[in-house]
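Residues per chain are reported as follows:
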Amino acid sequence: YFDVDTADVLKRVVGSVKMANIPDGFRNDLLGVAGGADAKGPDLYGPFWLTTTMVFFLAVTSNMHGYLHRDDVSEFESDINHLVHAMPVLYSYTFLLPVTLFLVLRCMAIPFNLMELICLYG
């Protein structure tokens, strides 16, 4: 699930926005037709690294906010708790929400691949 390169990830990020209105457009045009020779399939590289980058971005910007809003800069202490609070929220959105949606779709007898859902939410 990690067999992608930078061009694949970039193409999938842009394609997820461009093909939002096309039924099965993302699945057929970017992931490849299931069972076809050019089918790359969903990956976990994008969801993992995008979420990890967002966690660190939130931690850095919240610490910058604290630094810029101090009257005395010598009183500033970085707060690692922002990482601890941001990580479960973002990773649950990236991985638990697609799992929940997968279970709901399975109960409704709608066939959908779990890895495709994670790739779409990531």
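What you see is a predicted model; the values in this text were computed from it and never measured.

A. Region of the structure containing the packing of aromatic side chains. Overall, the coordinates contain 3 aromatic pairs when judged by the stated rule. Measuring from ring centre to ring centre gives 6.4 Å for F48 and Y91, while their planes differ by 40 degrees; the resulting arrangement is tilted. One end of the pair, F48, is in helix α3 (residues 45-68); the other, Y91, is in helix α4 (residues 81-107), with 43 residues separating them in the sequence. On the accessibility criterion, Y91 (17% relative accessible area) is buried. Look at Y91 and F95: their rings are 6.1 Å apart centre to centre, the planes differ by 5 degrees, and that puts the pair in the stacked class. Taken together, the residues Y91 and F95, both in helix α4 and 4 residues apart, mark about one turn of the helix. In this structure F95 comes out as partly exposed when scored by relative accessible area, which is 22%. One aromatic cluster is present, built from ring pairs that chain together F48, W49, Y91 and F95.

B. Local environment of a nonpolar patch on the surface. On the surface, V60, M64, Y67, L68 and V73 cluster together to form a nonpolar patch covering roughly 490 Å² of accessible area. Tracing the backbone through its elements, the reader meets V60 in helix α3.

C. Geometry of the packing of α3 against α4. Between α3 and α4, the least distance of the axes is 9 Å, while the angle of their chain directions is 150 degrees. Taken together, α3 and α4 sit at an angle that is classed as roughly antiparallel. Relative to α4, α3 is oriented so that their crossing is right-handed. In contact with P47, F48, T51, T52, M54, V55, F56, L58, A59, S62 and N63 of α3, α4 contributes H82, L83, A86, M87, L90, Y91, T94 and F95. Here the contact of α3 with α4 is composed, by residue class, of 13 nonpolar, 6 polar and no charged.

D. Here's a closer look at the packing of α4 against helix α5 (residues 114-121). For the pair α4 and α5, the least separation of the axes is 9 Å and the interaxial angle reads 140 degrees. Judged by the inter-axis angle, α4 sits oblique to α5. Our pair here, α4 against α5, has a crossing hand that is right-handed. Side by side, α4 and α5 meet where Y93, T94, F95, L97, P98, V99, L101, F102 and L105 of the first sit next to L114, L117, I118 and Y121 of the second. Looking at the contact of α4 with α5 residue by residue, the classes come out as 12 nonpolar, 1 polar and no charged.

Definitions and limits used
- Residues numbered from 1 in each chain as written.
- Predicted model: local features only at pLDDT ≥ 70, side-chain atom pairs only at ≥ 80, totals over all residues.
- Heavy atoms only, no water.
- Phe/Tyr/Trp six-rings, centres within 6.5 Å; stacked < 30°, edge-to-face > 60°.
- Helix = DSSP H or I, 4+ residues; strand = E, 2+ residues; numbered from the N terminus.
- Buried < 20%, exposed > 50% of the residue type's maximum accessible area, 1.4 Å probe, protein only.
- Patch = residues over 30% accessible without salt bridge, like charges linked within 9 Å, V, L, I, M, F, W, Y side chains within 5 Å.
- Areas by Shrake-Rupley, 256 points an atom, 1.4 Å probe, with all protein chains shown as cover.
- Salt bridge = Lys/Arg side-chain N within 4 Å of Asp/Glu carboxyl O.
- Axes fitted to C-alpha atoms, helices over the stretch in contact; angles between N-to-C directions.
- Parallel < 35°, antiparallel > 145°, perpendicular 65-115°, else oblique.
- Left-handed = near helix turned anticlockwise from the far one by under 90°.
- Contact = heavy atoms within 4.5 Å.
- Nonpolar A, V, L, I, M, F, W, Y, C, P; charged D, E, K, R; others polar.

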